[in-house]
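Chain residues, written in single-letter form:
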2 protein chains.
Amino acid sequence: MGTADRLVESTRELLWERGYTATSPRAIQERAGAGQGSMYHHFRGKPDLAAEAIRRTAAELRTAAEASLNGPGDAVERITAYLHRSRDVLKGCPIGRLAQDPGIVDDPVLREPLDTTFTWLRGRLAELLAEDVPAVDAGATAATIVATLQGGYVLARAAGSTEPFEQAVAGVLGLLSLATGKA
Amino acid sequence: MGTADRLVESTRELLWERGYTATSPRAIQERAGAGQGSMYHHFRGKPDLAAEAIRRTAAELRTAAEASLNGPGDAVERITAYLHRSRDVLKGCPIGRLAQDPGIVDDPVLREPLDTTFTWLRGRLAELLAEDVPAVDAGATAATIVATLQGGYVLARAAGSTEPFEQAVAGVLGLLSLATGKA
């Protein structure tokens, strides 16, 4: 891996472990085994490096979501597969957690990949719902599903247990199932 | 207001503005206009002071939730009133946001009021649902409602707009309305 890639991967790790505000340029350089001159040769600074790190994380999250949402089955089966895919619940969502960091949400360039990711996800879920669950408002219900995931992480971290996440997911799937008349 | 109260209120403000990890004992003392000796006379240190600050915030949140949830109407009407009550959406939930702070979730004493608040809220919502919406799993659906709120804040902060929060709330109320057969 080249130095630029090592710097980006180190930034991704540190964003996940400590968040943006608490990550110093020096910590990134140390983790990547790169000098200050090398970092500023490849990137304008910490915000520029973080923007690239967040874009990579967002792209991975989208690829993983697409694998479930483009899979076999009807809308509710695909959404169920997406909600049930394996997650490190107590660590939270690598994108959603960044929305709590004032250093991210106050910087339009850093906030943009978060907004784009969630907007895409809501749109994709709404397409599926519009096809197969005509009884619900597809756009609003898609927002509820994404919010249930993100809020499930918050409740799990508050509880120190995955139980609230699992209950929240079971609850929204139960409501969807009633809405499709399959209950 | 006495010095101890001023210290607690200053800690509450700083937790809301900066979070726990980024708040120094010195910043609390300056905000409260209190000296270091005075702070350590009243509290064992920053964790002790933060625990009291979080307990007060949690108590306020519970009182505000009870006002809607014990109000007039059936379960869905009360839950609708609760979800629609006025909130500073882009700032997030003063309790939920703390669940993203590693300094809070890694300390059982500081995490406890978060867990207690969400457990109480889920229990109260489940009671209401069990009375009036027998078609749903009351416990799971209650977790979904609380997760929708918490995740709605996350999506709103990521978008820099209250729109995703409003959509997520509309979506969960639409699903509940279908489940009660009132749609």
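See the structure printed just above.
Residues numbered from 1 in each chain as written. Chains lettered and ligands numbered in written order. Predicted model: local features only at pLDDT ≥ 70, side-chain atom pairs only at ≥ 80, totals over all residues. Heavy atoms only, no water.

Our focus in this paragraph is helix 5 (residues 75–84) of chain B. Residue and element names in this part refer to chain B. When helix 5 is considered as a whole, its buried residues turn out to be A75, V76, R78, I79, Y82 and L83. For helix 5, the arc enclosing every buried residue in end-on projection is 160°, short of the 170-degree limit, so these residues lie on one face. The secondary structure elements touched by the buried residues of helix 5 are helix 4 (46–69), helix 7 (108–132), helix 8 (138–159) and helix 9 (163–179). At the N-terminal boundary of helix 5, the capping side chain belongs to D74, with an oxygen 3.2 Å from the backbone nitrogen of V76. (Buried < 20%, exposed > 50% of the residue type's maximum accessible area, 1.4 Å probe, protein only. Helix = DSSP H or I, 4+ residues; strand = E, 2+ residues; numbered from the N terminus. Arc of directions from axis to C-beta. Contact = heavy atoms within 4.5 Å. Polar contact = N/O pair within 3.5 Å; in protein donor to acceptor, adjacent residues only side chain to side chain.)

Turning to the relation of the copies chain B and chain A, a few remarks are in order. One copy of the chain maps onto the second through a rotation about an axis and a displacement along it. Aligned on chain A, chain B shows an RMSD of 0.0 Å; the corresponding rotation is 180° and the shift along the axis is 0.0 Å. Here the symmetry operator amounts to a two-fold rotation axis. Of the C-alpha atoms belonging to chain B, the one lying closest to the rotation axis is found on B:G151, 1.9 Å away. The share of interface residues of chain B whose copies in chain A are also at the interface is 100%, consistent with both copies meeting through the same surface. (Least-squares fit on C-alpha atoms with pLDDT ≥ 70 in both.)

The next subject is the layout of surface pockets. Its volume calculated, the largest pocket comes out at about 1100 Å³. As for the largest pocket, its lining consists of 49 residues, and the residues nearest its centre are A:L15, A:W16, A:G19, A:R97 and A:L98. Contributions of two or more residues to the lining of the largest pocket are made by helix 1 (3–18), helix 4 (46–69), helix 7 (108–132) and helix 8 (138–159) of chain A together with helix 1 (3–18) and helix 6 (102–105) of chain B. Across the lining of the largest pocket, the residue classes tally to 24 nonpolar, eleven polar and 14 charged. Of the pockets and cavities examined, the second largest pocket occupies roughly 460 Å³. In this structure, the second largest pocket is lined by 24 residues; those nearest its centre are B:W16, B:T57, B:L61, B:C93 and B:P94. Elements represented by at least two residues in the lining of the second largest pocket include exactly helix 1, helix 4, helix 7 and helix 8 of chain B. Residue composition of the lining of the second largest pocket, grouped by class: 13 nonpolar, four polar and seven charged. (1 Å grid on protein atoms, 1.4 Å probe; cavity = no way out; pocket = protein on both sides within 12 Å on 5 of 7 lines; lining within 4 Å. Points joined across faces, edges and corners; volume = space filled by probe spheres on them. Nonpolar A, V, L, I, M, F, W, Y, C, P; charged D, E, K, R; others polar.)

Let's shift gears to the packing of helix 4 of chain B against helix 5 of chain B. All names here are of chain B. Put simply, helix 4 and helix 5 touch, their axes get as near as 8 Å, and they point 140° apart. Regarding the angle of helix 4 to helix 5, the classification is oblique. Between helix 4 and helix 5 lies a crossing of right-handed hand. Every residue of helix 5 that contacts helix 4 at A65, S68 and L69 is listed here: R78, I79, A81 and Y82. Split into classes, the residues belonging to the contact of helix 4 with helix 5 amount to five nonpolar, one polar and one charged. (Axes fitted to C-alpha atoms, helices over the stretch in contact; angles between N-to-C directions. Parallel < 35°, antiparallel > 145°, perpendicular 65-115°, else oblique. Left-handed = near helix turned anticlockwise from the far one by under 90°.)

What follows concerns the interface of chain B and chain A. Reports often express the size of an interface as the amount of accessible area lost when the parts come together. Tallying the contact residues gives 42 residues for chain B and 42 residues for chain A. Of all residues in chain B, the largest losses of buried area upon contact with chain A belong to B:Q100, B:R157 and B:L175, amounting jointly to 20% of the total for that side. Scanning the region where chain B abuts chain A turns up two salt bridges. A salt bridge links B:E163 to A:R122, with the shortest nitrogen-to-oxygen separation between them at 3.1 Å. Put simply, chain B and chain A have 16 residue pairs in polar contact (both at pLDDT 80 or more) between them. Counting residues per element, the side of chain B that touches chain A draws most heavily on helix 8 of chain B, at 16 residues. Tallied by class, the residues present in the side of chain B that touches chain A amount to 23 nonpolar, twelve polar and seven charged. (Buried area = accessible area lost by both parts, 1.4 Å probe. Salt bridge = Lys/Arg side-chain N within 4 Å of Asp/Glu carboxyl O.)

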